[in-house]
Amino acid sequence: MRQPIAILDSGVGGLTVVKEVMRQLPRERIVYFGDTGRAPYGPRPAEEVIRFTREIVDFLARFDPKLIVVACNTATAYALEAVRPLVKVPVVGVIQPGARAAVRRTVTGTVGVIGTEGTIRSGAYERALKRLSPRIEVVSLACPMFVPIVEKGEFRSPETYRIVAETLEPLRRAPIDTLILGCTHYPFLADAISAAMGPDIALINSAEETARDIGAMLQESDRLSGEPETPAHQFYCSGDPGLFQAIARQWLREQTAGVPILWQVPCIR
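Summarised in this report is the structure supplied together with it.

1. Brief notes about the sheet that holds strand β6 (residues 137–142)
Spatially, β6-β5-β7-β8 is the arrangement adopted by the four strands of the open sheet, whose pairing is parallel. Of all the strands in the sheet, just β6 and β8 (202–204) have a single pairing partner and so form its edges. Taken pair by pair, the neighbouring strands of this sheet meet at an average axis angle of 25 degrees, ignoring direction. Both strand β7 (residues 178–181) and β8 contribute to a ladder of three bridges, which runs parallel. Bridge pairing links L179 to L203 in β8.

2. Some details on the sheet that holds strand β2 (residues 30–34)
Strand order in this open sheet of six strands is β4-β3-β1-β2-β9-β10, and the pairing throughout is parallel. Two strands lie at the open edges of the sheet, namely β4 (91–92) and β10 (261–264), each paired on one side alone. Of the pairings in the sheet, the one linking strand β1 (residues 5–9) to β2 comprises five bridges and is parallel in character. Looking at the pairing, L8 lines up with F33 of β2.

3. Some words on the pattern of salt bridges
Scanning the model with the defined rule gives 16 salt bridges in all. The partner of R38 in a salt bridge is D35, with the nearest N and O atoms 2.7 Å apart. Looking at D35, the relative accessible area reads 0%, which means it is buried. The closest approach of N and O atoms between R100 and D213, which form a salt bridge, is 2.7 Å. Of this pair, R100 sits in helix α4 (residues 95–105) while D213 sits in helix α10 (residues 206–220), placing them 113 residues apart in sequence.

4. What about helix α8 (residues 158–172)?
Along its 15 residues, α8 runs 20 Å from first to last C-alpha, staying within 8% of the 21 Å computed at 1.5 Å per residue. For α8, the principal kink sits at E166 and spans about 30 degrees; a proline, P170, occurs within the next four residues. Those residues of α8 not exposed but buried are T160, I163, V164, T167, L168 and L171. Check the buried side of α8 and you find it contacts β5 (110–115), β6, α7 (146–151), β7 and α9 (190–197).

Procedures and definitions
- Residues numbered from 1 in each chain as written.
- Predicted model: local features only at pLDDT ≥ 70, side-chain atom pairs only at ≥ 80, totals over all residues.
- Heavy atoms only, no water.
- Pairing = 2+ DSSP bridges.
- Helix = DSSP H or I, 4+ residues; strand = E, 2+ residues; numbered from the N terminus.
- Axes fitted to C-alpha atoms, helices over the stretch in contact; angles between N-to-C directions.
- Salt bridge = Lys/Arg side-chain N within 4 Å of Asp/Glu carboxyl O.
- Buried < 20%, exposed > 50% of the residue type's maximum accessible area, 1.4 Å probe, protein only.
- Expected span 1.5 Å × (residues − 1).
- Bend = angle between axes of the 7 residues up to and from the residue.
- Contact = heavy atoms within 4.5 Å.

Here it is in structure tokens:
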């Protein structure tokens with residue numbers, strides 16, 4: 001029960017999952033790795049994403065986690081099945097929870113998906129949605145400029161709002177009522193995305209649903225932490241530690257108040 005939940009991402013995007021896990025499972029210890037030095041994963045070939053994900057899973061396995069979360073949609077699409085045999089604990093992704101939440105939410109049956117080039121190219125969300133509801137219509141759009149904006153911490157500037165609005169213009173003409181934020185970086189841009197799409201479009205953030213899945217899995221296996229004291233979390237990145245820490249502290253402000261955190265920068269390359 002004292003084992004941590006390990007969470008990995010191509011950069012800071014997985015912090016959206018961290019935030020939900022901290023909120024829903026406040027007694028669980030978290031070890032996080034953001035591959036900020038090699039982000040974004042979206043434009044990279046599948047074999048490269050698989051190699052990077054394997055390296056990170058190997059690094060996180062040293063902490064003896066009870067569960068590993070691939071909190072990157074591109075890595076989930078390309079590498080989830082490749083890394084599961086590497087460890088003896090469950091490895092979960094973020095695509096299935098997001099698809100499930102969208103199917104529950106949509107009224108018209110037409111769902112939009114935005115993601116990295118890699119995630120959209122993989123067709124992973126369309127397959128997941130169709131498995132859940134064969135009559136679902138899916139409209140997908142790659143948004144390659146979004147991840148670099150978030151990795152720079154520039155998610156609230158007027159220029160960001162302009163870029164988001166211009167990028168999403170094709171979706172505004174589509175008959176969708178629900179939009180999956182198919183990249184864990186995108187919740188950082190939720191205000192800008194909502195402003196561009198309008199109040200009638202429901203935004204689906206897979207982080208909340210993923211955290212619920214984690215809680216259910218741990219409860220079923222009787223592995224929820226019962227520790228009374230506040231857990232100490234560990235955060236690692238492969239790039240600029242100052243920028244990573246600044247973004248993490250800003251995003252996790254409420255969840256990390258008074259919580260012991262260890263910031264370290266490993267080298268896994």
